[in-house]
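# Report on the structure
Given next are the chains, with one letter for each unit.
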Amino acid sequence: MNNNNVASQPFDDQRPGTSGLRKKVKVFQTPHYLENFVQAIFDTQTDLSGGSLVLGGDGRFYNREAIQIILRMAAANGVAKVIVGLGGLLSTPAASCLIRKYKTDGGIILSASHNPGGPDEDFGIKFNTPNGGPAPESVTEAIFSRTKQIDAYRITDHDDVDLDQVGEMRIGETLIQIVDSVIDYTELMADLFDFERIHQLFNSGAFTMCFDAMHAVTGPYAKHIFEERLGAEPGTVINSTPKVDFGGGHPDPNLVHAHELVTNTQGHNGVDFGAASDGDGDRNMILGRDFFVTPSDSLAVITANAHLVKGYTSGISGVARSMPTSQAADRVAEKLGLECYETPTGWKFFGNLLDAGKITLCGEESFGTGSNHIREKDGMWAVLFWLNLLAVRQQSVESIVREHWKSYGRNYYTRYDYEAIDKAAAEALMQSLGDKLDSLVDSDIDGYQVAYADNFSYTDPVDSSISSNQGIRIGFTDGSRIVFRLSGTGTQGATLRVYLEAYEPDPQKQTSPTEEVMKPLVTIAQNLAEIAQRTGRTEPTVIT
Ligand code: VG1
Ligand code: CO
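Predicted, not measured: the structure shown is a model, and the values here were computed from it. (Residues numbered from 1 in each chain as written. Chains lettered and ligands numbered in written order. Predicted model: local features only at pLDDT ≥ 70, side-chain atom pairs only at ≥ 80, totals over all residues. Heavy atoms only, no water.)

## Notes on the overall build of the chain
Put simply, the rule is: Put simply, DSSP H or I for four residues or longer makes a helix, DSSP E for two residues or longer makes a strand, and each gets a number counted from the N terminus. With C-alpha atoms as the basis for the radius of gyration, the globule rule is written as 2.2 Å multiplied by the number of residues raised to the power 0.38. Buried means the residue's accessible area, taken with a 1.4 Å probe over protein chains only, is under 20% of the maximum for its type, while exposed means over 50%, and partly exposed covers the values in between. Contacts are assigned to residue pairs that have any heavy atoms within 4.5 Å of one another. For every accessible area listed, the method is Shrake-Rupley and the probe measures 1.4 Å; residues are considered covered only by the protein chains on display. Only four residue types enter the charge count: Lys and Arg as positive, Asp and Glu as negative, with His and the chain ends excluded. Charged groups are reduced to one reference atom each: NZ for lysine, CZ for arginine, CG for aspartic acid, CD for glutamic acid.
Secondary structure assignment for the chain yields 17 helices and 27 strands. Its C-alpha atoms give the chain a radius of gyration of 23 Å, near enough to 24 Å, the size a compact globule of 544 residues would have. The principal-axis extents of the C-alpha atoms in the chain amount to approximately 75 × 60 × 40 Å. Evaluated residue by residue, the chain yields a buried proportion of 59% over its 544 residues. Here the analysis covers contacts within the chain between residues at least 6 apart in sequence; of these, 72% occur between residues at least 24 apart. Just so you have it, the chain exposes about 20300 Å², and 45% of that area is on carbon and sulfur atoms. Charged side chains in the chain number 46 positive and 71 negative. The centres of these two groups are separated by 2 Å.

## A short note on helix α15 (residues 423–440)
The following threshold applies: Helix span, expected: 1.5 Å multiplied by one less than the number of residues in the helix. Two N or O atoms count as a polar contact when they lie within 3.5 Å, although within protein this holds only if one can serve as hydrogen donor and the other as acceptor, and sequence-adjacent residues are included solely when both atoms are side-chain atoms.
Here α15 contains 18 residues, and its C-alpha end-to-end distance of 25 Å stays within 8% of the 26 Å for a straight helix at 1.5 Å per residue. Among the residues of α15, Ala425, Ala426, Leu429, Met430, Ser432, Leu433, Leu437 and Leu440 are the ones counted as buried. Sitting at the amino-terminal end of α15 is Asp422, which places a side-chain oxygen 3.4 Å from the backbone nitrogen of Ala424. Of the residues flanking the end of α15, it is Asp442, one or two places downstream, whose phi is positive at about 70 degrees.

## Focus: the site of ligand 1
Stated precisely, the cut-off is as follows: For this description, a residue counts as near a given molecule or strand if any of its non-hydrogen atoms is within 4 Å of it. Three classes are used, and their members are as follows: Ala, Val, Leu, Ile, Met, Phe, Trp, Tyr, Cys and Pro are nonpolar, Asp, Glu, Lys and Arg are charged, and the others, Gly among them, are polar.
Thr18, Ser113, Ser487, Thr489 and Arg497 are the nearest of the 21 residues found near ligand 1. A distance of 3.4 Å separates an oxygen atom of ligand 1 from a polar side-chain atom of His114. Side-chain polar atom of Lys377 to an oxygen atom of ligand 1: 2.9 Å apart, as the coordinates give it. By residue class, the composition of the shell around ligand 1 is no nonpolar, 10 polar and 11 charged.

## Quick word on the coordination of the cobalt ion (ligand 2)
Using the following cut-off: Here the coordinating atoms are restricted to nitrogen, oxygen and sulfur within 2.8 Å of the metal centre, or 3.2 Å for Na, K and Ca, and because water is not among them the sites may look incomplete.
Donor atoms from the polypeptide that bind the cobalt ion (ligand 2) are Ser113 (OG), Asp278 (OD), Asp280 (OD) and Asp282 (OD), placed at 2.0 to 2.1 Å. Here the donor residues of the cobalt ion (ligand 2) share one chain and are spaced in sequence as S-x164-D-x1-D-x1-D.

## A look at the UniProt feature "domain: Alpha-D-phosphohexomutase alpha/beta/alpha" (unreviewed entry) in the chain
Selection criterion: UniProt positions are given in the numbering used here, feature names are shortened, and annotations may be inferred rather than shown by experiment.
Taking the numbering used here, the UniProt-annotated feature "domain: Alpha-D-phosphohexomutase alpha/beta/alpha" (unreviewed entry) corresponds to residues 14–153, 185–287 and 296–408. Within residues 14–153, the helical portion is 36% and the strand portion 23%, while the C-alpha atoms at the span's ends are 15 Å from each other. For residues 185–287, helix accounts for 34% and strand for 15%, while the C-alpha atoms at its two ends are 24 Å apart.

Below, the structure is given as structure tokens:
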């Protein structure tokens, strides 16, 4: 076996976005492209030499090939041990769990999350630090800087290793351990949730569930936990075999893409509880019979009810939400006397707050919820939290949420995404909106009084690092809000996200359809940002 030093040239587009480096598969297949980025990780994360690494991905097209390349590079870069998921599979939360449990010096996760997979679709790579969380901006920027200078990478010429048997092998001096992460992950979940009580709920015969794994990575975890451990009927988990192209679909758990699941929750024969997760298993969608729980409400309900759930009975220290996430959690925090933090979009911003013990729970409007048990959002965790809650409260999902609204008010919420628009037009739109902000404050727009209008900037309360330009917020005096930002995970043109929120404290008025309540705000948003004129789009691509 030889270690080779392969000459290479920098690529100028390897800056990680909201969650790692995401590009089309074809870009990652460009000679040296993946290798350069991986070498930049090894060059900047020097503890990996002589240290240990977790490695796995969501199973999408190019996952296995990339793992073999990274293993050969890890060996050439002197990594002592690499823990790899069986079949090359690791959900993002399971990877975080393994990094923490086995105290490794970090992890490399191969995923483009909810983006489609296949030879013409997306791939991604992300480095997680030893706390199990996505690398903070200081680390991703260091990796990016290195990619701009790199002129060679190290790789051995070893044969492919067998990823499909649990066991140990070596590439040169480097120990490769293939592990079944379903076991480690299930153990962690059993510590946090009352499995016996959930088992009884399924055994009662009066409770049915459907979980849509969307042909993605959570299939094996969900089959084992829901059907084998908790006694849910066989067939409760649908689309449970991970596929390289996610069955041709978008592995994104929302009402648009998880339509099979949504149908299963509808009507008299609908299941009592529906849930889904995304490509890499960190997102979740929660449904009751004929009822959708917005992710922002889910975080608020979880916060308000944490004391009822096994792993959280001793209380929570605080809660955080990303800026565009609705303010439903803030209302709960206020009532419970908890600190509530507003962070920029992306899980990396929760890491410091979790490590410092300032928060126990956190979430994003984009179907992400999690806690201090790991440092990633965790789809299965959210579903198990709800199951535990349903088992304790013995109520339907809908009645739990409606009661919640009665106590705290309802934050109507919706998001409009304009995908794959022209990048320059999107940037000009944001610029022009930004220029208008000062003149908007205190003005009246269609009867809505503007309370504040700014470009969100965040100062991390733990390390005082500043992240500016994180999205434009326009808040109104009645508690409603419009937020505009450009996505940092897309791989084609730009994606404009418009987040809309309206607050309704009066229980008599909490039953209107969301579209109706949002109509005036949608109009304001479209006009203010001149969306149609600037992007040529009169309708969004996806509404969630
Ligand atoms: C999106 C979501 C964000 C989430 C990120 C990664 O980012 O809005 O809330 O953290 O995806 O999620 P953006 O920049 O496209 O809006 V995942 O499930 O890809 O790890
Ligand atoms: Co994801």
